[in-house]
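# Structural characterization, general
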Number of protein chains: 2
Amino acid sequence: MKKTFISLLILLQSTAFAQTKNTPNLIPFVKPIIGTQKMGHTFPGATVPFGMVQLSPDTDTLSYEKNGKYNPDMYRYCAGYQYDDRTIVGFSHTHFSGTGHSDLGDFLIMPTTGALQLNPGTANNPAGGYRSAFSHANELAEPAYYKVKLDDHNITAELTASNRVGFHQYTFPASDQSHIILDLMAGIYNYENKNVWTFVRVENDTLITGYRQTTGWARTRTVYFAMSFSKPFYQYGSQNNSKKEVYRGFWGRFDQAHNFPEMAGRQLRAYFDFKTTEGEKIKIKFALSPVSTEGALRNMRTEIPHWNFDQVKQESQALWNKELSKVTVEMLNADEKINFYTGVYHAFLGPTTYMDVDGSYKGLDQNIHKANGFTNYTTFSLWDTYRALHPLFNVLQPKRNADMVQSMLAHYDQSVHKMLPVWSHYANENWCMIGYHSVPVIADAVMKGNAPFDAMKALEACATTARHKSFDGIGYYMEQGYVPDDKSSSSVSKTLEYAYDDWCIAQMAKKLNRMDLYEEFSKRALNYKNVYDASIGFMRPKLSNGSFKTQFDVLSTHNQGFIEGNAWNYSLYVPHDPTAMIQLMGGDKRFIPHLDSLFTMDLPDKFFAETEDITRDGIIGNYVHGNEPAHHVAYLYNWTTQPWKTQDRIRMILKKMYHPTPDGLGGNDDCGQMSAWYIFSSLGFYPVCPGSEQYSLGSPAVKTASIQLENGKVFTIEAKNQSDKNVYVQKVLLNGKPLTQHYITHSDIMNGGNLVFYMASKPVKK
Amino acid sequence: MKKTFISLLILLQSTAFAQTKNTPNLIPFVKPIIGTQKMGHTFPGATVPFGMVQLSPDTDTLSYEKNGKYNPDMYRYCAGYQYDDRTIVGFSHTHFSGTGHSDLGDFLIMPTTGALQLNPGTANNPAGGYRSAFSHANELAEPAYYKVKLDDHNITAELTASNRVGFHQYTFPASDQSHIILDLMAGIYNYENKNVWTFVRVENDTLITGYRQTTGWARTRTVYFAMSFSKPFYQYGSQNNSKKEVYRGFWGRFDQAHNFPEMAGRQLRAYFDFKTTEGEKIKIKFALSPVSTEGALRNMRTEIPHWNFDQVKQESQALWNKELSKVTVEMLNADEKINFYTGVYHAFLGPTTYMDVDGSYKGLDQNIHKANGFTNYTTFSLWDTYRALHPLFNVLQPKRNADMVQSMLAHYDQSVHKMLPVWSHYANENWCMIGYHSVPVIADAVMKGNAPFDAMKALEACATTARHKSFDGIGYYMEQGYVPDDKSSSSVSKTLEYAYDDWCIAQMAKKLNRMDLYEEFSKRALNYKNVYDASIGFMRPKLSNGSFKTQFDVLSTHNQGFIEGNAWNYSLYVPHDPTAMIQLMGGDKRFIPHLDSLFTMDLPDKFFAETEDITRDGIIGNYVHGNEPAHHVAYLYNWTTQPWKTQDRIRMILKKMYHPTPDGLGGNDDCGQMSAWYIFSSLGFYPVCPGSEQYSLGSPAVKTASIQLENGKVFTIEAKNQSDKNVYVQKVLLNGKPLTQHYITHSDIMNGGNLVFYMASKPVKK
């Protein structure tokens, strides 16, 4: 038995080695710590690509409420970790990456020594609780591996993870008072009543199961777990800090605080006690399931049937290297290569796996479903990710992207509203942000031929969603051709985004020969015109009586009919027809200076203060890169007579907005959208209009790049004479032939081939 | 299609008729209203035998708490209905029958007319809410059928049910404001935080699904539902009265109060609006599931795939008649026959079915399990029901009783404590009352040869449960031979009941040839002797130092080492060896006068006030029939030289404790135990010691009885010269041969045959 195990180990190691021989080791170029300071909202912990478990240190857990009101400070803790903090509260198993609103932070584990403390303490008084000081000098964050020294407890913590199992390894000092705390009160965006219920069973002296059920961003969310210790604890206990448990019946007669194997309530903290020798490692496998504790246990036993921490770390890092090496790049310097691969890393953190190893998952209808023939995913931040992340997946992850569409269609099937996801996570629709941006994701997949699902059904789902009259002004939009600002907030943003989404439906309908839908939605796609005020040259909120809103400031984002953008940025949002938009805005003559000034004007501080989710660095002039609505804007010069300005602006944004440092992201990474922008733009092209097959050309930052496609073909990019000065493109050859337009198509990429940019320090003005 | 349906209907009707021709119609002899006044704690609503749905009117819903303390008044509402009340709040789908503690009352439905009121109002101000006045003159309660006129709304309400589906039929007046209210805040033994979470989906304009999750007697209980209307509502809405929902996020931007199809929160009330014509019937099918809304919907579609209310009523009453007619009796008058069949009815209300039509159920481990080869049951009030109810099932319901044991063994398998059920309901152990009385239920089945389960495994489960040292004094009991009163309350009751349970294990072990266990538990079975104080002739609490408790009152039940009984009653509790007990207590000479005085002494009022769960009528002298510990006591004369006193006492108790009136039960029916006592005693015998094969003879109240056994055989009982005066048994012939002992055996019954009692007005003293 032992012999077989060792042979297997050797086999696995040699496989890993063989992989390493064929592919470069890109792990060193990923710095998960990037974006953990200020507004990036990323987390530094351990996960596999698209992993269910994202196990990461939390440096604080501020309350959602302060004096009965929303506490804006908690916003900093969307991912649980802030680089400037000096203490770690513990390690929890679920995190969003880069979001601007939050949830999760399930099942916080903290190893401690000394007298048992069952509260986390505060940043100002860490000694008053179980949290520990730490130093970045003693911290290491890699893909699928995180290590830190917990100074107050003299414990070294190491984390790794498989898809559904977090693996903790804690190296203790000699102590008769070593503890592992499982804090079920902890959570991100927490408040007193967020825990609906928690339940813990001590199955035996090494195995715990249970669940946590919360209400918050996800209204009705339950995560099940199974937790296994490498060493038996000798005693355990728990505290229920809820004053809400009124029933004083018969289970109250037990000593529930000590060694009582069934804990339940709204505010539980449990502890497990050990005696440790110097340097003794206590390991924990912590598996999650969306379905049941039985499912969590099955996930654990299937994914990690052993206690070899290093093996899991190695296998999970090999998974990362496999995904990272789908695109190999050479860049001008190591920093840019780190930006690039950390971008790929962040782009591949989600959507996250949301099903057990047997395919079971909880549906939006709260029933248990089986994913037949696809991997079910959750965490769809679609207002962000339809722009570049899902298009990136259509290149680098087509199989996964099709499964994500399948997951969205399953969501639709289970939706009592009969709507595709807006922002969904963990069997819940949280309705965050605007639009129905499942549509461009589906359209992009269909139009690019990556649709191994029932496309006709998907089209119906898109159309049904887009006609949901009671949703967010759609009824008015359908009747009046725009969302009236006196009826629904962010009216212009909605009108513009609906119009674009409608265009996507029309394209799909055309391809699928549903000309009725093509006509219906082509007409709707023109609705952007209805909110353009020619008298001022901006998109502008219109009232239900047909007049434009009078009190209006084109620089403000506050109650001006927009969301996460002002009129300057949002007026440029007609991705499906920039040519018509430019015409509308007066043609090149008026449009180009307008666009120029976006990047050069001086935005007064008072307007910056209104701009959400970004640092001062996340803005260039009045161009807000830290939010999404303008992500396509720098490419719009391609539709004018001055495309070289796109080239210049892109290189400037790449330089200014991304740095290989903890504060290196100028705004929320938004589940990978900011990173996907970096990846595409570095490669020299960008999907200005998902749902079309075109990628607009910019200015590559890579020297060379090679994309290993899932279909076995290879698409390479080369930038001749690449340098920081040579940001202008003289000419472009696709497979040796000069390009006569400013785009390439998806087929160009998927057919394999090479794209060569000739770079120069001066623009080609012709 | 229509033709087929009609033929089917005729077929069903003729089947029902055929049944009626072969079996007497016993439905008229069942009065579900019996026990609904005062302490009986029964409910008058509609259910099938052992049904999951027990749909019944609730006349009030007092809070578990009053001024921060337990509210003793709510005790009256254990079954939701009190006969003296003048208003009905609504009709809820789950009820306990006859318990002395409570829970349930899930999914209260109320039809109303006029201005919508979304609160129940109070008994003193019914007009302030949706509740309605009613009159018993307009009320009819039959097995599987309940009807009442709701005076305030001019609505006639009718209820019937299949196993898992409640069927409501409401006859409305003409009204533009007709409502159906679904109150998810309502519940029995309710309090503000009892609702952990509730969730409702309006799937379409006739179908609602959802769940209610509570904490209370069952700590973690979830019931799922599917609710179907016979007619579409034209609008709907809900109110969340919880102040605990803190999150003010994106789902808050909807108008959730009106026509919003997903309701969730801690304190929900929903309404569905109709316009009705005079006499229009709106019907509701309301299915439950322990597993999921999908399961509830499947249960509904499987059990009642149509809208024919009368058909369901007829079929469900036919089910009752089938069960009732397993024993046909002739008695001295109609009242006694009503007592008898209402007893059978109450005895067959539970344990309740706890699995979906596909066999799925929630286990104690909160995972979903499939019941393979058995029906899974819940609602095990074992401290009550091991005495006579489960023995009755071994005669009348052997298949079901074996399934109940299987359900208990599944509970054991799923128990993190590794214990058989104590008092369990809905995938929860509520730890109510004392002892480990799954043991006698299992032993009784094994010893009586009704064990189509793994008896050896069952024996191990019994032994493991009995050795659970941290449970309720068992550790002390095992070390010291008794439960020390200074270590654990109700110490004498526990010692006595543990000793009896241990005897049961020993008997099973002997039969299964596990002589090690036989010896271990035979020794423990003698522990009753350790709490007998010969100096006073009573069982008496003993302290851990070996001395008896000094401050001791043999009449008091308050902190005297007993529960639901005083030393007088409990001192007679050695069911497994009355002979030895009588010897211990000084032999016949001292024992008989002692037992006589139990029935004749005058219990001072102050002690009555301490006696729980019974009315003044539930007590005869100091003999407390309204509670269980003395249920075997009147039969103990059979172990003396004066067995005729058993005959006299039994007839007296049958007369005094049971009446065919709402206040006809002198104490809680306790899930059928009180009724089972009536049935056995009326038939002329009683299982003094479940786990033995013997039934001790009393004095039959029947003139004749015929038991149709599941094995196809028939056992008949005849009482010659039966009259109210002729309570004494002159002689007994079993299959024509005179009995020489005061018992018959289980085999005597199961083999079929006849038992003839010769009755006389004078005792046979020989």
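All figures in this text were calculated on a predicted structure; none of them were measured in a lab.

### Re the overall build of chain A
Helix and strand content of chain A: 19 helices and 38 strands. Here chain A has a C-alpha radius of gyration of 26 Å; the compact-globule value for 766 residues is 27 Å, and the two agree. The buried share among the 766 residues of chain A stands at 68%. Long-range contacts, defined as pairs at least 24 residues apart, comprise 70% of the intrachain contacts of chain A with a sequence gap of at least 6.

### Considering the packing of aromatic side chains
Counted by the stated rule, this structure contains 100 aromatic pairs over all chains. Through a chain of ring-to-ring contacts, three or more aromatic side chains come together here, namely A:Tyr635, A:Tyr658, A:Trp677, A:Tyr678, A:Phe680, A:Phe685, A:Tyr686 and A:Tyr695. Positioned above the aromatic ring of A:Tyr426, the side-chain terminus of A:Arg221 is 5.0 Å from the ring centre. Between B:Lys418 and the ring centre of B:Tyr412, over which it is positioned, the NZ or CZ distance is 5.2 Å.

### Observations regarding the sheet that holds strand E15 (residues 221-229) of chain B
Residue and element names in this part refer to chain B. Reading across from one edge, E8-E9-E10-E11-E19-E15-E14-E13-E17 is the order of the 9 strands in this open sheet, with antiparallel pairing throughout. The outermost strands of the open sheet, each flanked by one partner alone, are strand E8 (139-142) and strand E17 (262-265). Averaged over all adjacent pairs, the angle separating strand axes in this sheet is 15°, with direction ignored. Bridge analysis of strand E13 (residues 195-204) against strand E14 (residues 207-214) gives 8 bridges, and the strand direction is antiparallel. Residue Phe199 lies in a different strand from E14, and its bridge partner there is Tyr211. In this fold helix H3 (residues 309-324) packs onto E8, strand E9 (145-150), strand E10 (155-161), strand E11 (165-171) and strand E19 (281-289), with an angle of close to 45° to the strand it touches most, E10.

### Quick look at the pattern of salt bridges
All names here are of chain A. Throughout the structure, instances matching the rule amount to 68 salt bridges over all chains. Between Asp516 and Arg514 there is a salt bridge, with its nearest N and O atoms 2.8 Å apart. Assessed through its relative accessible area of 42%, Asp516 is described here as partly exposed. The class for Arg514 is partly exposed, based on a relative accessible area of 21%.

### A closer look at the packing of helix H15 (residues 587-600) of chain B against helix H17 (residues 644-657) of chain B
Between two packed helices, both the angle of their axes relative to each other and the distance between the axes serve to describe the pair. Residue and element names in this part refer to chain B. Where H15 contacts H17, the axes come no closer than 12 Å and their chain directions differ by 15°. Taken together, H15 and H17 sit at an angle that is classed as roughly parallel. Judged by the sense of rotation from one axis to the other, the crossing of H15 with H17 is left-handed. Between H15, through Ile592, Asp596 and Phe599, and H17, the contact on the second element is made entirely by Lys645, Arg649, Met652 and Ile653. Its residues assigned to classes, the contact of H15 with H17 comprises 4 nonpolar, no polar and 3 charged.

### Describing the interface of chain A and chain B
Chain A puts 56 residues into the contact, and the matching count from chain B is 56 residues. At the boundary of chain A and chain B, one finds 2 salt bridges. Here B:Arg219 ties to A:Glu262 by a salt bridge, and the two come within 3.0 Å at their closest N and O atoms. Taken together, the connections running from chain A to chain B amount to 16 residue pairs in polar contact (both at pLDDT 80 or more). At the level of secondary structure, the elements contributing two or more residues to the side of chain A that touches chain B comprise strand E3 (69-70), strand E13 (195-204), strand E14 (207-214), strand E17 (262-265) and helix H2 (293-303) of chain A. If one sorts the elements of the side of chain A that touches chain B by residue count, E13(A) sits on top with 7 residues. In terms of residue class, the side of chain A that touches chain B is built from 25 nonpolar, 18 polar and 13 charged.

### Considerations on unusual backbone geometry
Of the consecutive residues A:Gly350 and A:Pro351, the connecting peptide bond is found in the cis state with omega at -5°. In this structure, A:Pro351 sits in the loop between helix H4 (334-347) and strand E21 (352-353). Positive phi, normally seen in glycine, also occurs at A:Asn513, with a value near 60°. Relative to the helices and strands, A:Asn513 is located in the loop between helix H11 (491-511) and helix H12 (515-524). Here B:Asn259, not a glycine, exhibits a phi torsion of approximately 55°, which is positive.

### Focus: the sheet that holds strand E33 (residues 702-708) of chain A
Residue and element names in this part refer to chain A. Pairing is mixed in the open sheet, where 6 strands are placed in the order E20-E33-E34-E38-E35-E36. Two strands lie at the open edges of the sheet, namely strand E20 (327-331) and strand E36 (737-738), each paired on one side alone. Direction of pairing for strand E34 (residues 714-720) relative to strand E38 (residues 753-760): parallel, over a ladder of 6 bridges. Residue Phe715 lies in a different strand from E38, and its bridge partner there is Gly753.

### Considering the domain arrangement of chain A
Residue and element names in this part refer to chain A. Entries for chain A in the domain assignment read domain 1 (30-323) and domain 2 (325-760). Computed from C-alpha coordinates alone, the two centres of domain 1 and domain 2 are separated by 34 Å. Domain 1 puts 55 residues into the contact, and the matching count from domain 2 is 52 residues. Roughly 4,300 Å² of surface becomes buried between domain 1 and domain 2 when both sides are summed, with 59% attributable to carbon and sulfur atoms. Contact with domain 2 buries surface across domain 1, with Ile34, Phe50 and Glu323 losing the most and accounting together for 20% of the total.

### With respect to the relation of the copies chain A and chain B
Mapping between the two copies of the chain is achieved by a rotation about an axis and a shift along the axis. With an RMSD of 0.0 Å, the fit of chain A onto chain B corresponds to turning through 180° and sliding 0.0 Å along the axis. The symmetry that links the two subunits is that of a two-fold axis. In terms of C-alpha distance to the rotation axis, chain A has A:Val196 as its closest residue, with the C-alpha 3.0 Å off the axis. Comparing interface residues between copies, 100% of those in chain A also sit at the interface in chain B, which points to an isologous, same-surface contact.

### Comments concerning the packing of helix H6 (residues 389-396) of chain A against helix H18 (residues 673-683) of chain A
Residues and elements named next belong to chain A. Interaxial distance between H6 and H18 falls to 8 Å at its minimum, and their mutual angle equals 55°. Regarding the angle of H6 to H18, the classification is oblique. By crossing handedness, the relation of H6 to H18 is classed as left-handed. On H18, the residues that touch Leu389, Pro391 and Leu392 of H6 are Gln673, Ala676, Ile679 and Phe680. Of the residues belonging to the contact of H6 with H18, the class tally is 6 nonpolar, 1 polar and no charged.

### Here's the deal with the state of the cysteines
All names here are of chain A. By the definition in use, this model includes 0 disulfides over all chains. Here Cys671 is not cross-linked by a disulfide; its sulfur's nearest cysteine counterpart is in Cys432, at 9.9 Å. No disulfide involves Cys689; its sulfur sits 5.8 Å from the nearest other cysteine sulfur, which is in Cys504.

### Brief notes about the environment of B:Gly736
Its location among the elements puts B:Gly736 in the loop between strand E35 (728-734) and strand E36 (737-738). C-alpha of B:Gly736 to C-alpha of B:Val756: the two residues are 20 residues apart in sequence and 7.8 Å apart in space.

### A word on the environment of B:Arg616
Residue and element names in this part refer to chain B. Within the element layout of this structure, Arg616 appears in the loop between helix H16 (605-610) and strand E29 (619-620). Of the residues examined, Arg616 reaches a relative accessible area of 37% and is grouped as partly exposed. Ignoring anything within four residues of it in the chain, the contact list for Arg616 reads Leu603, Asp605 and Phe608.

### What about the side chain of A:Thr47?
Counting through the fold element by element, A:Thr47 comes out in the loop between helix H1 (2-22) and strand E1 (56-58). Each residue touching A:Thr47, except ones within four places of it in the same chain, is listed here: A:Val53, A:Gln54, A:Ala144, A:Ala161, A:Trp320, A:Tyr345 and A:Leu349.

Conventions we followed
- Residues numbered from 1 in each chain as written.
- Chains lettered and ligands numbered in written order.
- Predicted model: local features only at pLDDT ≥ 70, side-chain atom pairs only at ≥ 80, totals over all residues.
- Heavy atoms only, no water.
- Helix = DSSP H or I, 4+ residues; strand = E, 2+ residues; numbered from the N terminus.
- Rg over C-alpha atoms; globule rule 2.2 N^0.38 Å.
- Buried < 20%, exposed > 50% of the residue type's maximum accessible area, 1.4 Å probe, protein only.
- Contact = heavy atoms within 4.5 Å.
- Phe/Tyr/Trp six-rings, centres within 6.5 Å; stacked < 30°, edge-to-face > 60°.
- Lys NZ or Arg CZ within 6 Å of the ring centre and 35° of its normal.
- Pairing = 2+ DSSP bridges.
- Axes fitted to C-alpha atoms, helices over the stretch in contact; angles between N-to-C directions.
- Salt bridge = Lys/Arg side-chain N within 4 Å of Asp/Glu carboxyl O.
- Parallel < 35°, antiparallel > 145°, perpendicular 65-115°, else oblique.
- Left-handed = near helix turned anticlockwise from the far one by under 90°.
- Nonpolar A, V, L, I, M, F, W, Y, C, P; charged D, E, K, R; others polar.
- Polar contact = N/O pair within 3.5 Å; in protein donor to acceptor, adjacent residues only side chain to side chain.
- Domains from an automatic or database assignment.
- Buried area = accessible area lost by both parts, 1.4 Å probe.
- Least-squares fit on C-alpha atoms with pLDDT ≥ 70 in both.
- Disulfide = S-S within 2.5 Å.

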